[in-house]
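So you can see what is in the structure, the chains are spelled out below.
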Amino acid sequence: MSSPSTSTSTSSAPTSTLRGALRLVDYWATVYRRTWRGSIVSSFITPLLYVLAMGVLLGGFVEADPATLEGATSYLAFVVPGLVAATSMTTVVGEVTYPVMAMVKWNKTYFSMTATPLGVREIALAHLGFVAFRVAVTAAVFLAVTAPFGVYESAPGVLGAFAVQVLLGMAFAVPLYAFAAGLRDETAFSLVFRLGMIPMFLFSGAFFPVANLDAPLEALARATPLWHGVDLTRMLVLGVPDWSMVAVHVAYLLVLVVLGWWWAVRRLTRRMQQ
Amino acid sequence: MVVTASTGLILQRNFLAYRRVWWIFATGFLEPVFYLFSIGVGVGALISGFEVGGREIPYAEFVAPGMLAASAMNGAVLDSTFNFFFKLKYSKLFDQMLATPLTTTDIARGELAWSLLRGGVYSLGFLLVMLAMGLVSSWWAVLVLPATLLIGLAFGAVAMALTTYMRSWQDFELVTLSTLPMFLFSATFFPVTTYPGALRWVVEATPLYRGVVLCRELTTGAVSWDSAVSVVYLVAMGVAGLLVARRRLDSLLLT
Amino acid sequence: MIEARGLRKSFGGFEAVRGIDVEVRRGEAFGFLGPNGAGKSSTMRMVAAVSPVTDGRLRILGLDPAVDGPAIRARIGVCPQEDTLDTELSVRDNLYVYGRYFGMGRREVRERVGELLDFVQLTDKADARVDDLSGGMKRRLTIARSLVNSPELLLLDEPTTGLDPQARHVVWERLFRLKQQGVTLVLTTHYMDEAEQLTDRLVVMDKGLVVAEGSPLQLIREHSTREVAELRFGVAEPGAGHDRHVERVADLAERVEVLPDRLLLYTADGEETLAKVHERGLEPVATLVRRATLEDVFLRLTGRTLVD
């Protein structure tokens, strides 16, 4: 039993938001060491089973015609990029719903962070940086594992698709993070899953061309961020990019990230002051 | 399963708990409907259809009973694993109930009854959607509602028994790892004849396969002695699950 | 260290802090005393530079929290009312990741964590999960965490609420050592004994205002008499009360408090008062003369009605 030394420490205020956020790397690394095993099932085994069931087995019954499959020569080639994008969505949605609620409400970890020189921006940036890391790992593994199926036509396209997954992931993660950060009661997440994520997963062009939907539903599907991500991913890996559409998709997703960030800082600031 | 007064009390407690969040109850019915429209109708447009009982049927008509059986499984498993575990370990709801004249059997029964009641409401809703879409082609379909209750009971009882062995949330990955392959591969989206010899037997031995073909035989009218095999299989599974769950709950809660 | 002038905090239409003046000097132990809802925690959150000031002037370490929040927080330690420990990390990791938030190097933090675990007597529990700790241990861990950056100013919001007597004394002893080392302590409490034990100076807050200020002794002198004579009568008949007793002793004390089973006579000399009570033929079941405490001051200033 001794008293701690009273010599001054090197404690200081961060000189920028990014530098501040980097101080949280150790925290998130500790979290990741504890949870990465759990993410294998949801972000790796689950999508792979979908590839096998839908792409390989059910795909065997689909008469493949590139004209009706947005340029894909088989249903497998059609559905794999769709599942890559859909998995990016489901991965981040899992990371910015209940875990965020835990940080602000259940464990109040964020409150212990704001008692230090770090503020809301640093905390949000670090959390979202971790989510970006999660989606990057998931996408890299998924793209690598599905490569032997032989549906990828363009190597640079696959690299581009990898970058797209991070962007798509953030386009979902940032606004949803903002929503979760200000939420009082977690039951609303059920609605996010049931009325947001699941319908998008099923109707935003991952499993079948959105052109097969009735006109109003098709317009709705095309308005979802997932459709932009699916279309972008598919064009890139199949090696048939339409650059003007690529620009539209990227711009759409970027806008979501930027607006989401603005909203996130605002909502989290308010929440932390109550 | 004997419905007693105490079962009614637990049903009433769950009813009150859900009254405030009725929309969670209401939207729970949507997931299989979304799958039906997406895979059954959307992907179905790319597939010509399958033969059931010597008759070629459209893909949506093939998938719909599969979704009905799978959602009965998913709902029951979700209630008996995650929700049950939460009440067991975190909210300590059962400890609170056992401080009253209620017994562990009452709790197991009450929770299962609630799960079945909810699953039954969802199944009925789904069946009406199928009817509206013209995906029901036989009067045998009136028996599909009890069939989904049987599926829910069988899976719910076994899942509850297994939940009593769970130590942390991490263990629940095993739940996903067993229900998801069944959901995707137990002849829900394509016929079992897709699989070669031995693999086909494995699939035919899974409980969800028994549930899926039972529902499909009922909605398409292709009922046979095989259907009776499925019924016996599911009943046996449910009884075994209930017996284990009751014994385990006694040793877990009455210490 | 802290200078507040006309400090206010409102949440929507509700004014939690209604204009207070406070000054805390380096090296002293300062207390905010008051019932629940008095505005203590709101004040502490403003001082911790996490809650914006609604109105008035506030300087912490000479800095403005609205401008230099991060720089202030780098030099202070905060022990919140509710433990905000990471329940999924080990005891050691809780301190380690927290230290990293301050921009301290990995080695520096590791050494510091060792010292702090020793200081709060949790070295044996370093690898335990937070969930497995007792309430007192969690509290000590939270205090250790608030010290990770060697703060000049330590803010403690109800440091011992909910702890058993042994655990409270351990915490007090640790805080006393910190004070001896020159760390400025600011704490809120609604325990009078805690305020008397730990603080050099304190303010009593009620309904968002400071109602008294001074050292514990000064406050007792100003707002109470030196001694209190307690007369126990047994629980009064419903309706009757102790009114008849009060009438007979009212002139013997500066002030008389009526409790269900006893009367408190505030007076300069308790023994003398007691003797007079006996002279008048009153026969209490039991009597006691004691020194006035902060509790008497507190109840006088904030009233006996329950606030919550």
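- By the naming in an unreviewed UniProt entry, chain C is ATP-binding cassette domain-containing protein, taken from Nocardioides cremeus.
- On record in UniProt, under Subcellular location (unreviewed entry), the comment for chain C is "Cell membrane".
- Quoted verbatim from the Sequence similarities (unreviewed entry) field of UniProt, the annotation for chain C is "Belongs to the ABC transporter superfamily."

- For chain A, an unreviewed UniProt entry supplies the name Transport permease protein and the organism Nocardioides cremeus.
- Chain A has a UniProt comment under Sequence similarities (unreviewed entry) that states "Belongs to the ABC-2 integral membrane protein family."

1. Some thoughts on the overall build of chain C
Phase 1: On a plain count of helices and strands, chain C comes out with 11 helices and 13 strands.
Phase 2: Scored against the burial criterion, the 308 residues of chain C give a buried share of 52%.
Phase 3: Across chain C, every contact between residues at least 6 apart in sequence was considered, and the portion connecting residues at least 24 apart equals 69%.
Phase 4: Of the roughly 13,500 Å² that chain C leaves accessible, carbon and sulfur atoms contribute 47%.
Phase 5: Side chains of chain C carry 43 positive and 50 negative charges; the gap between the two charge centres is 4 Å.

2. Re the side chain of E227 of chain C
All names here are of chain C.
Phase 1: Tracing the backbone through its elements, the reader meets E227 in strand β10 (residues 227–232).
Phase 2: Taking the relative accessible area as the measure of exposure, E227 reaches 14% and is therefore buried.
Phase 3: Those residues in contact with E227 that sit more than four places away from it in its chain are L265, Y266, T267, A268, D269, G270, E271, V289, R290, R291 and A292.

3. Digging into the pattern of salt bridges
Pairing is possible between side chains that carry opposite charge, provided their charged atoms lie close to one another.
Phase 1: Within the structure shown, the criterion is met by 36 salt bridges over all chains.
Phase 2: Residues D26 of chain A and R106 of chain C are paired through a salt bridge, measuring 3.3 Å at the closest nitrogen-oxygen approach. Placement of D26 of chain A in helix α2 (residues 25–57) and of R106 of chain C in helix α4 (residues 106–119) is noted, with the two residues assigned to different chains.
Phase 3: For R106 of chain C, a relative accessible area of 42% puts it in the partly exposed group.
Phase 4: Linked through salt bridges whose partners overlap, the residues forming this network are E230, R262, R290 and D296 of chain C.

4. Structural notes on the UniProt feature "domain: ABC transmembrane type-2" (unreviewed entry) in chain A
Phase 1: Under the feature "domain: ABC transmembrane type-2" (unreviewed entry), the UniProt entry names residues 38–271 of chain A.
Phase 2: For residues 38–271 of chain A, helix accounts for 76% and strand for 0%, while the C-alpha atoms at its two ends are 29 Å apart.

5. Considerations on the interface of chain B and chain A
Phase 1: Taken together, the 34 residues of chain B in the interface contact 33 residues of chain A.
Phase 2: Our count for the contact surface shared by chain B and chain A stands at zero salt bridges.
Phase 3: Elements with a contribution of two residues or more to the side of chain B that touches chain A: α2 (22–27), α3 (30–42) and α8 (173–185) of chain B.
Phase 4: Of the residues belonging to the side of chain B that touches chain A, the class tally is 24 nonpolar, seven polar and three charged.

6. Comments concerning the packing of aromatic side chains
Phase 1: Taken as a whole, this structure holds 27 aromatic pairs over all chains when the rule is applied.
Phase 2: Geometrically, the ring pair formed by Y98 of chain A and F189 of chain A is edge-to-face, given 5.0 Å between the ring centres and 70° between the ring planes. With Y98 of chain A in helix α4 (residues 98–106) and F189 of chain A in helix α8 (residues 188–203), this pair connects stretches of sequence that are 91 residues apart.
Phase 3: What makes Y98 of chain A partly exposed here is its relative accessible area of 34%.
Phase 4: An aromatic cluster of three or more residues is present, and its members are Y27, W28, Y32, F130 and F133 of chain A together with Y98, Y101 and F102 of chain C.
Phase 5: The ring centre of F62 of chain B lies 3.6 Å from the NZ or CZ of R216 of chain B, which sits over that ring.
Phase 6: The cationic tip of R255 of chain C hangs over the ring face of Y266 of chain C; the distance from NZ or CZ to the ring centre is 4.2 Å.

7. Observations regarding the UniProt feature "domain: ABC transporter" (unreviewed entry) in chain C
Phase 1: Here the UniProt-annotated "domain: ABC transporter" (unreviewed entry) positions come out as residues 2–232 of chain C.
Phase 2: Taken end to end, residues 2–232 of chain C is 38% helix and 28% strand, and its two terminal C-alpha atoms sit 45 Å from one another.

8. Details of helix α4 (residues 59–90) of chain B
All names here are of chain B.
Phase 1: Helix length check: α4 (32 residues) gives 44 Å between terminal C-alpha atoms against 46 Å at 1.5 Å per residue, within 8%.
Phase 2: At F84, α4 shows its largest kink, close to 30°.
Phase 3: Most of α4 sits inside the fold, with 23 of its 32 residues counted as buried.
Phase 4: Within two residues after α4, K92 carries a phi angle of roughly 55°, on the positive side.

9. Some words on the sheet that holds strand β1 (residues 2–11) of chain C
Residues and elements named next belong to chain C.
Phase 1: Taking strand neighbours across the sheet as the criterion, the three strands line up as β2-β1-β4 in an open arrangement whose pairing is antiparallel. In this open sheet, the two strands that pair with only one neighbour each are β2 (14–24) and β4 (55–60). When strand polarity is set aside, the average angle formed by the axes of neighbouring strands in this sheet is 25°.
Phase 2: Of the pairings in the sheet, the one linking β1 to β4 comprises five bridges and is antiparallel in character. Bridge pairing in β4 places R8 opposite D55.
Phase 3: Across the sheet, helix α1 (residues 40–47) touches β1, β2 and β4, and the angle it forms with β1 is around 120°.

10. With respect to unusual backbone geometry
Phase 1: Residue Q121 of chain C is not a glycine yet carries a positive backbone phi of 55°.
Phase 2: Here Q121 of chain C lies in the loop between α4 and α5 (135–146).

11. Looking at the UniProt feature "transmembrane region" (unreviewed entry) in chain A
Phase 1: Sites flagged by UniProt as "transmembrane region" (unreviewed entry) map to residues 40–62, 74–102, 123–145, 157–179, 191–211 and 243–265 of chain A.
Phase 2: When the span residues 123–145 of chain A is considered, its composition is 100% helix and 0% strand, and the gap between its end C-alpha atoms is 33 Å.

12. Side note on the pairing of β10 of chain C
Residue and element names in this part refer to chain C.
Phase 1: The element β10 is extensively covered by neighbouring structure, given that five of its six residues are classed as buried.
Phase 2: Strand direction decides the pairing type here: β10 and strand β12 (residues 262–267), joined by six bridges, are antiparallel. Each bridged residue has a counterpart across the sheet, and for R232 the counterpart in β12 is R262.
Phase 3: As paired strands, β10 and strand β13 (residues 286–291) are joined by six bridges and run antiparallel to one another.

13. Side note on the side chain of S115 of chain B
Phase 1: You can see S115 of chain B is positioned in helix α6 (residues 104–132).
Phase 2: Look past the residues within four positions of S115 of chain B in its chain and what remains in contact with it is G75, A76 and D79 of chain B.

14. Topic: the packing of helix α6 (residues 120–146) of chain A against helix α11 (residues 243–272) of chain A
Residues and elements named next belong to chain A.
Phase 1: Axis separation between α6 and α11 bottoms out at 9 Å; the angle between their running directions is 125°. The angle between the axes of α6 and α11 places the two elements in the oblique class. Between α6 and α11 lies a crossing of right-handed hand. Contacts between α6 and α11 involve V120, R121, A124, L125 and L128 from the first element and W261, V265, L268, T269 and M272 from the second.
Phase 2: In the contact of α6 with α11, the residues fall into eight nonpolar, one polar and one charged.

Criteria and thresholds
Residues numbered from 1 in each chain as written. Chains lettered and ligands numbered in written order. Predicted model: local features only at pLDDT ≥ 70, side-chain atom pairs only at ≥ 80, totals over all residues. Heavy atoms only, no water. UniProt positions renumbered as here; feature names shortened; annotations may be inferred. Helix = DSSP H or I, 4+ residues; strand = E, 2+ residues; numbered from the N terminus. Buried < 20%, exposed > 50% of the residue type's maximum accessible area, 1.4 Å probe, protein only. Contact = heavy atoms within 4.5 Å. Areas by Shrake-Rupley, 256 points an atom, 1.4 Å probe, with all protein chains shown as cover. Lys, Arg positive; Asp, Glu negative; His and termini not counted. Charge placed at Lys NZ, Arg CZ, Asp CG, Glu CD. Salt bridge = Lys/Arg side-chain N within 4 Å of Asp/Glu carboxyl O. Nonpolar A, V, L, I, M, F, W, Y, C, P; charged D, E, K, R; others polar. Phe/Tyr/Trp six-rings, centres within 6.5 Å; stacked < 30°, edge-to-face > 60°. Lys NZ or Arg CZ within 6 Å of the ring centre and 35° of its normal. Expected span 1.5 Å × (residues − 1). Bend = angle between axes of the 7 residues up to and from the residue. Pairing = 2+ DSSP bridges. Axes fitted to C-alpha atoms, helices over the stretch in contact; angles between N-to-C directions. Parallel < 35°, antiparallel > 145°, perpendicular 65-115°, else oblique. Left-handed = near helix turned anticlockwise from the far one by under 90°.

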